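Examination of the molecular architecture
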There are 4 protein chains.
Amino acid sequence: MTITPPALSVFETTESEVRSYCRGWPAVFDRAQGSHITDEDGHTYLDFFAGAGSLNYGHNNPVLKRALIDYIERDGITHGLDMATSAKRAFLESFQNVILRPRDLPYKVMFPGPTGTNAVESALKLARKVKNRESVVSFTNAFHGMSLGSLAVTGNAFKRAGAGIPLVHGTPMPFDHYFDDKVPDFLWFERLLEDRGSGLNKPAAVIVETIQGEGGINVARPEWLRALSDLCHRHDMLLIVDDIQMGCGRTGPFFSFEEAGIVPDIVTVSKSISGYGLPMSLCLFRPELDVWEPGEHNGTFRGNNPAFVTAAAALNTYWADGQMEKQTLARGEQVEQALVGICSESAGGGAEFRGRGLVWGIEFHDKPRATAVCRRAFELGLLLETSGPESEVVKLLPALTVTPEELDEGLRTLDRAVRDTARVPAGV
Amino acid sequence: MTITPPALSVFETTESEVRSYCRGWPAVFDRAQGSHITDEDGHTYLDFFAGAGSLNYGHNNPVLKRALIDYIERDGITHGLDMATSAKRAFLESFQNVILRPRDLPYKVMFPGPTGTNAVESALKLARKVKNRESVVSFTNAFHGMSLGSLAVTGNAFKRAGAGIPLVHGTPMPFDHYFDDKVPDFLWFERLLEDRGSGLNKPAAVIVETIQGEGGINVARPEWLRALSDLCHRHDMLLIVDDIQMGCGRTGPFFSFEEAGIVPDIVTVSKSISGYGLPMSLCLFRPELDVWEPGEHNGTFRGNNPAFVTAAAALNTYWADGQMEKQTLARGEQVEQALVGICSESAGGGAEFRGRGLVWGIEFHDKPRATAVCRRAFELGLLLETSGPESEVVKLLPALTVTPEELDEGLRTLDRAVRDTARVPAGV
Amino acid sequence: MTITPPALSVFETTESEVRSYCRGWPAVFDRAQGSHITDEDGHTYLDFFAGAGSLNYGHNNPVLKRALIDYIERDGITHGLDMATSAKRAFLESFQNVILRPRDLPYKVMFPGPTGTNAVESALKLARKVKNRESVVSFTNAFHGMSLGSLAVTGNAFKRAGAGIPLVHGTPMPFDHYFDDKVPDFLWFERLLEDRGSGLNKPAAVIVETIQGEGGINVARPEWLRALSDLCHRHDMLLIVDDIQMGCGRTGPFFSFEEAGIVPDIVTVSKSISGYGLPMSLCLFRPELDVWEPGEHNGTFRGNNPAFVTAAAALNTYWADGQMEKQTLARGEQVEQALVGICSESAGGGAEFRGRGLVWGIEFHDKPRATAVCRRAFELGLLLETSGPESEVVKLLPALTVTPEELDEGLRTLDRAVRDTARVPAGV
Amino acid sequence: MTITPPALSVFETTESEVRSYCRGWPAVFDRAQGSHITDEDGHTYLDFFAGAGSLNYGHNNPVLKRALIDYIERDGITHGLDMATSAKRAFLESFQNVILRPRDLPYKVMFPGPTGTNAVESALKLARKVKNRESVVSFTNAFHGMSLGSLAVTGNAFKRAGAGIPLVHGTPMPFDHYFDDKVPDFLWFERLLEDRGSGLNKPAAVIVETIQGEGGINVARPEWLRALSDLCHRHDMLLIVDDIQMGCGRTGPFFSFEEAGIVPDIVTVSKSISGYGLPMSLCLFRPELDVWEPGEHNGTFRGNNPAFVTAAAALNTYWADGQMEKQTLARGEQVEQALVGICSESAGGGAEFRGRGLVWGIEFHDKPRATAVCRRAFELGLLLETSGPESEVVKLLPALTVTPEELDEGLRTLDRAVRDTARVPAGV
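In this report, the structure presented in the accompanying data block is examined. For clarity, every value in this text was computed on a predicted model and none was experimentally measured.

1. Observations regarding the overall build of chain A
Counting its secondary structure elements, chain A contains 14 helices and 17 strands. Taking 428 residues into account, the globule formula puts the C-alpha radius of gyration at 22 Å, and chain A, at 22 Å, falls close to it. For chain A, the C-alpha atoms occupy an extent of roughly 60 × 60 × 45 Å along the three principal directions. Taking all 428 residues of chain A together, the buried fraction comes to 68%. For chain A, the computed accessible surface area is about 13400 Å², with 48% contributed by carbon and sulfur atoms.

2. Here's the deal with the interface of chain D and chain C
Contact residues are listed per partner, giving 104 residues for chain D and 103 residues for chain C. The junction of chain D with chain C conceals about 9200 Å² of combined surface from both sides, 60% of it contributed by carbon and sulfur atoms. Its largest share of buried area at the contact with chain C, chain D owes to D:Val18, D:Asp75 and D:Phe301, together 7% of the area lost on that side. In this structure, the salt-bridge partner of D:Arg89 is C:Glu40, at a minimum N-O distance of 2.3 Å. The interface formed by chain D and chain C includes 54 residue pairs in polar contact (both at pLDDT 80 or more). Of the residues contributing to the side of chain D that touches chain C, the split by class is 47 nonpolar, 30 polar and 27 charged.

3. Overview of the environment of C:Val206
Residues and elements named next belong to chain C. Here Val206 lies in strand 7 (residues 205–208). The exposure class of Val206 is buried, given its relative accessible area of 0%. Each C-alpha atom, one on Val206 and one on Ser229, is 9.3 Å from the other, the two residues being 23 residues apart in sequence. Other than its neighbours up to four places away in sequence, Val206 contacts Val137, Phe139, Phe189, Leu228, Cys232, Met237, Leu238, Leu239 and Ile240.

4. Overview of the packing of aromatic side chains
Tallied over the full model, the rule gives 88 aromatic pairs over all chains. Ring centres of B:Tyr21 and B:Phe49 lie 5.3 Å apart, and the angle between their planes is 55°; this geometry places the pair in the tilted category. Within this pair, whereas B:Tyr21 is found in helix 2 (residues 21–24), its partner B:Phe49 is found in the loop between strand 3 (44–47) and helix 3 (50–53), the two being separated by 28 residues in sequence. Each member of the pair, B:Tyr21 as well as B:Phe49, carries the same accessibility label: buried. Ring geometry for D:Phe353 and D:Trp360: centres 6.2 Å apart, planes at 50°, overall tilted. In this structure an aromatic cluster arises from ring pairing among A:Phe91, A:Phe95, A:Phe111, A:Phe254, A:Phe255, A:Phe257, A:Phe308 and A:Trp319. In this structure, A:Arg191 is placed above the aromatic ring of D:Tyr178, and the distance from its NZ or CZ to the ring centre is 3.8 Å.

5. Focus on the relation of the copies chain A and chain D
Note on the identical chains: chain A maps onto chain D by a rotation of 180° and an axial translation of 0.0 Å, with an RMSD of 0.0 Å. Put plainly, the chains are arranged around a two-fold axis. Considering only C-alpha atoms, the part of chain A nearest the rotation axis is A:Val168, at 3.0 Å. The overlap is high: 100% of the interface residues of chain A also sit at the interface in chain D, so the same surface is used on both sides.

6. Comments concerning the interface of chain A and chain D
A common way to report how large an interface is uses the accessible area buried once the components associate. The interface is formed by 31 residues belonging to chain A together with 31 residues belonging to chain D. The contact between chain A and chain D buries some 2700 Å² in all, and 59% of this surface belongs to carbon and sulfur atoms. The three residues of chain A that bury the most area against chain D are A:Tyr178, A:Trp188 and A:Arg196, which together make up 24% of that side's buried surface. Linking chain A with chain D are zero salt bridges. For the side of chain A that touches chain D, the secondary-structure elements that each account for two or more residues are helix 8 (157–161), strand 6 (170–173) and helix 9 (187–194) of chain A. In terms of residue class, the side of chain A that touches chain D is built from 16 nonpolar, ten polar and five charged.

7. Concerning the pattern of salt bridges
Oppositely charged side chains can pair when the atoms bearing their charge come close. One pass over the structure, following the stated rule, counts 116 salt bridges over all chains. A salt bridge links B:Arg66 to B:Asp70, with the shortest nitrogen-to-oxygen separation between them at 3.2 Å. Of this pair, B:Arg66 and B:Asp70 both sit in helix 4 (residues 62–73), four residues apart, roughly one helical turn. Classification of B:Arg66 as partly exposed rests on a relative accessible area of 42%. For the salt bridge of C:Arg419 with C:Asp415, the shortest nitrogen-to-oxygen distance reads 2.7 Å.

8. What about the sheet that holds strand 10 (residues 238–242) of chain D?
Residues and elements named next belong to chain D. One open sheet accounts for seven strands, arranged 4-12-11-10-7-5-6; its pairing is mixed. Of all the strands in the sheet, the pair left with one neighbour each is strand 4 (108–110) and strand 6 (170–173). Looking at each pair of strands side by side, their axes are set apart by 25° on average, direction ignored. Note: strand 11 (residues 266–269) against strand 12 (residues 282–285), four bridges, orientation antiparallel.

9. Brief notes about the packing of helix 9 (residues 187–194) of chain B against helix 10 (residues 222–234) of chain B
Think of two packed helices as two axes; the pair is described by the angle between the axes and how far apart they sit. All names here are of chain B. Where helix 9 contacts helix 10, the axes come no closer than 12 Å and their chain directions differ by 5°. With respect to their mutual orientation, helix 9 and helix 10 come out roughly parallel. For the pair helix 9 and helix 10, contact is made by Phe189, Glu190 and Leu193 and by Leu228, Leu231 and Arg234, respectively. The residue makeup of the contact of helix 9 with helix 10, split by class, is four nonpolar, no polar and two charged.

10. Things to note about unusual backbone geometry
All names here are of chain A. Even without glycine at this site, Asp75 takes up a positive phi of about 60°. Take Asp75: it is sitting in the loop between helix 4 (62–73) and helix 5 (86–100). For Lys271, which is not a glycine, the phi torsion comes out positive at approximately 40°. As for its placement among the helices and strands, Lys271 is situated in the loop between strand 11 (266–269) and strand 12 (282–285). Judged by relative accessible area, which is 7%, Lys271 ranks as buried.

Cut-offs applied
- Residues numbered from 1 in each chain as written.
- Chains lettered and ligands numbered in written order.
- Predicted model: local features only at pLDDT ≥ 70, side-chain atom pairs only at ≥ 80, totals over all residues.
- Heavy atoms only, no water.
- Helix = DSSP H or I, 4+ residues; strand = E, 2+ residues; numbered from the N terminus.
- Rg over C-alpha atoms; globule rule 2.2 N^0.38 Å.
- Buried < 20%, exposed > 50% of the residue type's maximum accessible area, 1.4 Å probe, protein only.
- Areas by Shrake-Rupley, 256 points an atom, 1.4 Å probe, with all protein chains shown as cover.
- Contact = heavy atoms within 4.5 Å.
- Buried area = accessible area lost by both parts, 1.4 Å probe.
- Salt bridge = Lys/Arg side-chain N within 4 Å of Asp/Glu carboxyl O.
- Polar contact = N/O pair within 3.5 Å; in protein donor to acceptor, adjacent residues only side chain to side chain.
- Nonpolar A, V, L, I, M, F, W, Y, C, P; charged D, E, K, R; others polar.
- Phe/Tyr/Trp six-rings, centres within 6.5 Å; stacked < 30°, edge-to-face > 60°.
- Lys NZ or Arg CZ within 6 Å of the ring centre and 35° of its normal.
- Least-squares fit on C-alpha atoms with pLDDT ≥ 70 in both.
- Pairing = 2+ DSSP bridges.
- Axes fitted to C-alpha atoms, helices over the stretch in contact; angles between N-to-C directions.
- Parallel < 35°, antiparallel > 145°, perpendicular 65-115°, else oblique.

Take a look at the structure:
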């Protein structure tokens with residue numbers, strides 16, 4: 001496939017230098033369907049990025065599309081603030097019936113604004129209000145968002161520097177596997193909590209991702225999550241699971257923490273919750289934590305009703321039974337098998353992989369190679385992104401609706417991109 | 001009209017106590033068109049709230065609706081992160097051609113995430129990064145958003161208390177008219193800046209609304225804004241105009257600061273920019289301030305492409321000539337005339353009004369009456385909200401596309417609501 | 001008098017660049033008595049600086065010296081932490097009998113460490129603990145100390161920059177006369193407190209100096225202080241008077257706030273409290289504020305017992321009757337009369353003076369002239385320092401024990417220094 | 001010895017509840033000499049506390065006393081701000097000749113105010129100014145002082161709570177032996193520094209005590225200190241050694257870090273530097289760090305000249321040769337031998353000891369017993385204090401001038417106090 005340099009002029013002249021994805025994928029995209037996305041020149045790419053996990057049901061999923069167009073056609077409420085609407089009721093009822101009740105989860109539902117960082121900000125506010133403490137513990141390589149509250153519990157030094165003020169009230173702790181399992185889990189954290197002379201400000205809450213997406217596809221073991229949950233309970237700290245990227249079925253079950261059998265005090269959900277890539281987020285919490293005053297947190301777009309419509313359709317279509325979870329785990333096995341070969345053979349042992357469900361990462365020992373692999377994959381018609389503190393991990397986030405054939409095709413392209421980026425050994 | 005109590009059960013059992021608008025308007029809304037919104041029981045209300053200023057072109061505006069459905073039908077990109085897309089290009093070109101160029105505004109355009117507070121957070125980050133200072137000056141009764149960065153420059157004590165941490169790095173200054181013009185403008189502010197012993201941390205920027213919507217429809221005079229702009233220039237501070245509620249034509253011209261003839265360094269735009277009530281926001285700034293590194297600020301939903309489609313359609317439909325501005329100013333005169341009578345006669349002199357274009361506020365001396373007026377208006381089929389630090393101001397934000405007849409009807413309903421809430425004087 | 005450049009070598013090679021007074025007074029001082037200080041070359045200077053107000057009873061006051069030597073000779077406790085000691089008891093009893101009881105002041109006495117900034121830090125901690133709020137209001141051109149808590153409520157931008165972190169939790173308000181009395185007192189402050197939308201974090205306390213020494217000898221009127229006290233009471237904020245420089249009789253009465261007839265909630269005392277220039281400070285507060293836990297604030301040198309000995313001797317010698325206050329006021333009149341002539345004639349109208357008791361300042365319109373006057377005074381054998389944000393004020397702080405003759409001599413030298421620094425008008 | 005309850009009335013009625021040592025030692029002390037202190041009733045106590053390490057040369061050391069009285073008799077300058085004085089020159093020259101030069105230490109000397117916390121505040125300010133970063137790393141159970149800057153790097157939760165504001169900009173790391181040597185030194189710290197995604201704000205400096213006195217006599221190994229010094233160097237952080245309690249010969253050599261062979265970037269010295277218990281402190285730093293502007297940090301009592309006089313006398317008397325160091329180490333061996341028996345036999349194995357030179361701690365497994373031992377020791381005529389986060393450590397800090405006989409007597413009394421506080425086992 002030959003790539004003609006696209007006409008990027010208005011982007012270059014007018015859009016801020018802050019733009020980033022468009023630099024790695026120099027195309028002007030126009031249409032998309034399922035796992036495929038097409039640019040203005042008619043080139044079609046297989047998408048293993050899925051809107052950074054916002055398109056778990058594929059681009060422009062036809063079932064959701066139908067519901068969405070019907071809603072717009074009939075002049076359903078578009079912008080609803082936090083007014084009661086038919087669309088919101090339908091979503092809340094579906095969420096209760098399909099998600100919460102079958103899992104015995106007692107959560108109240110807050111619409112904190114339509115983005116992930118809105119949800120994280122509201123979760124942190126609530127935890128601090130409930131516990132009357134300022135400090136929050138996060139983990140190494142965590143990513144929780146770009147507004148100041150969320151950024152303070154995010155690990156990446158480059159993103160943090162953008163704050164322009166010292167980020168305080170957060171303390172990082174080692175995520176699972178941070179010391180290659182040579183140090184007992186939570187040794188440091190628990191010691192700090194128990195020692196009245198440790199200097200740690202007692203935290204209101206702990207915020208954690210079960211798998212760190214931006215941090216490099218770092219997978220926490222279920223037993224580590226359970227131990228964390230116990231630790232929080234014993235030390236009177238709220239446990240916040242940020243399930244923005246790993247929730248909505250990405251790891252198999254609807255919530256990524258289900259496998260560990262824990263029930264967090266607060267859960268943030270966004271990205272794929274609308275199902276169609278429309279901005280929407282939720283903050284869920286135990287009913288006894290619902291100490292908000294009316295309007296104490298608000299936001300103009302917290303009632304994005306078209307998103308409620310597609311969200312309800314997605315829940316009813318994909319989560320009424322256990323099919324989706326089973327399928328995701330099966331697809332995951334397909335990926336895992338391919339990665340074994342890619343890492344050992346194609347990468348010549350210079351890479352390791354990890355993941356669960358349909359989220360996988362390949363960490364290259366030669367760190368810059370990860371970026372080279374993504375660049376080569378793009379030339380070969382596959383969208384892939386890196387993650388990790390030094391962009392050393394190639395991240396696989398195909399749509400959950402990907403077919404086995406598409407998956408196979410993409411993995412073969414990936415394999416080729418890995419092989420094509422092998423450095424010729426010096427002296428040959 | 002009789003209001004039957006609607007079935008709110010799932011809202012009451014499942015939605016967080018933080019919900020607020022639904023408490024004042026106990027109905028389940030279902031459909032909407034232009035200036036009208038209809039509940040499930042078939043009651044139709046005239047909407048003088050317009051999504052808190054997010055629906056300047058009315059609910060489900062047919063021109064934008066057509067463009068939106070066409071785009072969805074043809075599987076245009078929905079979720080685009082910050083990839084280059086046809087829809088984004090079309091928006092950027094329209095924004096350049098219709099808005100920026102005719103006004104000689106040199107701004108770069110940043111997509112900081114789809115909500116107003118995303119835009120404010122990015123504006124504050126950028127200002128601090130450029131100036132290498134932490135402090136920002138805001139104004140009494142300012143409202144800029146609910147995430148921690150924005151909340152720190154917001155005035156409302158109730159909202160601030162929700163932060164759960166001390167909000168620092170911001171200093172309030174008196175907004176225009178704060179002392180009933182008995183004190184020279186900026187006397188205090190400028191003195192603090194000039195006095196090396198004042199104790200004011202030198203600000204990176206000043207953030208201001210030209211008319212404070214949430215703060216009580218407080219209108220800054222053009223000469224006050226010009227003096228502020230001069231002050232910023234003289235003291236090397238960036239001027240940020242938060243035009244989220246007052247921009248997109250609300251006051252007449254596209255940007256609310258045009259009347260004053262100033263060119264802010266940074267401008268935030270959201271609410272009505274998509275035209276259809278879809279989440280979208282912009283952060284605009286002088287090109288020399290574009291010191292962002294790629295990806296230094298990001299956000300999952302910063303590429304909400306359906307919003308770009310309706311945004312471009314709105315710009316091309318309504319802003320290609322000066323018609324919209326003229327019409328808004330004419331409608332404003334219609335409102336103003338009605339308010340003269342409402343305040344002097346129906347309110348018996350117990351109220352004052354202020355505003356510009358199609359944003360007006362009636363401040364009641366008997367503060368709780370404002371809430372009573374809104375409640376009575378709802379019973380009479382008119383949606384109105386209060387604002388101000390003690391909810392003492394009835395706020396009028398009709399769609400800019402409201403017809404003279406609708407405006408007249410709403411104003412008559414308002415008049416009746418004011419009369420109906422008169423207290424019987426004691427002893428009569 | 002001719003000044004031979006002294007041998008400063010070890011100071012220049014070994015002492016940090018942070019040293020300052022030694023730069024303006026290039027001499028190596030050796031001995032001192034009363035109002036005179038003598039350098040190694042035998043030059044004697046009249047001291048109108050008095051250790052920045054720490055030597056109100058003159059250098060090495062013979063009565064205190066006798067008590068001090070007796071105490072050391074008999075091996076009285078020198079370093080006592082906060083153990084009960086005979087010397088501490090004697091001080092506490094004298095302070096009760098001579099100072100607190102006659103003035104009907106109900107204060108508990110805390111020994112927070114021997115420096116002024118220790119006292120201010122403990123006052124701020126206590127106020128925040130009692131009120132459970134972080135914010136404290138200070139005034140333009142305030143000076144309260146160099147440790148981080150005190151520095152955050154200090155106005156001087158140069159000193160603040162030394163903190164190396166953003167100084168937060170403090171908000172400056174205009175000191176008396178800040179707007180030349182064109183703006184009603186406390187208009188801005190009270191408005192911010194009353195307006196729930198003002199953005200001011202509700203303060204735990206207000207900290208104020210009755211006369212700002214470092215800030216430029218800015219004198220608050222008694223009625224301004226009373227209004228401030230009322231404001232604090234009405235708005236549930238604690239009033240802290242920092243009487244470190246102006247207390248111990250500097251303005252006439254023992255406490256500088258006595259003239260205003262107010263009773264602050266918390267008072268800090270240091271500088272001249274030991275009487276002999278030895279490090280000592282007190283934090284006084286209403287008994288109902290004494291919510292400290294034992295040891296919650298501490299410090300190694302809070303029991304500097306030799307200072308307690310000289311402090312008790314000073315109280316018993318000088319404050320058992322009203323003589324000292326009367327004498328100080330009389331000396332103040334002597335200063336005032338001289339300053340009238342110095343400002344109008346010798347300075348040719350280019351200066352203004354202000355003060356009370358034995359603290360006076362001359363502000364020069366030609367700001368650098370203040371420094372020139374001090375330099376010239378030094379050559380003429382008189383020690384004088386500047387203050388004010390731009391060092392534009394010559395500060396007079398003679399010992400309270402200065403004789404009328406010494407005062408006259410010093411004022412004549414000052415007059416000559418002022419005349420000697422007149423610039424020859426251009427073109428003459 | 002029978003203890004008559006002393007007349008504490010004025011302390012109880014007038015002194016703040018914050019007082020603490022006087023509660024454990026209910027006596028009114030009057031005189032002191034060497035290692036003995038006598039109360040008003042004539043009871044004499046052997047002092048193994050030595051003013052919390054401020055009286056390394058004993059109470060009212062006769063050599064220093066002579067120098068002090070001579071100075072006062074001849075009207076030497078008492079209060080000198082930062083003027084050059086004969087006394088300051090003599091001190092600086094002695095410090096150069098006796099301490100710095102023989103150890104090849106290149107430090108500049110700053111007089112930051114007379115207390116330890118003044119020195120720590122200035123050290124932190126300087127480090128932040130030099131590195132232009134806010135964050136500072138401290139260690140678990142560190143103690144650095146009570147003003148806000150120092151308190152933020154202090155570990156004790158009870159002391160921290162007194163701040164009344166969230167203490168930020170500090171991060172604790174594990175001190176030596178914190179995990180009983182099961183975890184490699186600096187594993188966590190170095191990983192955080194190397195990982196760009198760790199979330200640790202890059203520190204300007206690390207502040208450490210070589211032996212934590214208040215924290216429970218926690219002794220850092222020389223190799224740990226060397227590794228810390230290397231770590232700081234590799235990661236461009238300044239190393240601050242807070243030698244306030246452990247310096248001035250307490251551990252043997254003049255500076256406690258000498259044994260490790262490191263040269264910190266900044267050193268704080270106080271407590272015993274004046275030798276006589278008079279308030280004095282120093283901040284020492286490499287000359288290239290001396291970026292202070294004149295007067296950028298100041299303080300009224302930074303020129304406590306009587307303290308300079310006794311300080312110079314102490315240096316010249318005790319540190320002109322290596323005698324003092326040898327003697328301290330010999331005395332330390334005497335203590336160590338006694339503690340072996342006390343812990344194993346008298347405490348029945350229920351205690352462990354640690355220390356170096358003349359600073360030792362006995363940690364009791366039955367934590368409250370440490371307080372009981374001190375109480376009993378007081379009854380037996382010996383002053384001892386506890387330390388550690390739960391006051392579980394009995395701390396031995398005898399004067400360095402203690403005689404072998406006094407040491408023996410005190411250790412025998414301690415032994416008896418330990419035996420007297422044994423609990424009768426249940427069921428006996």
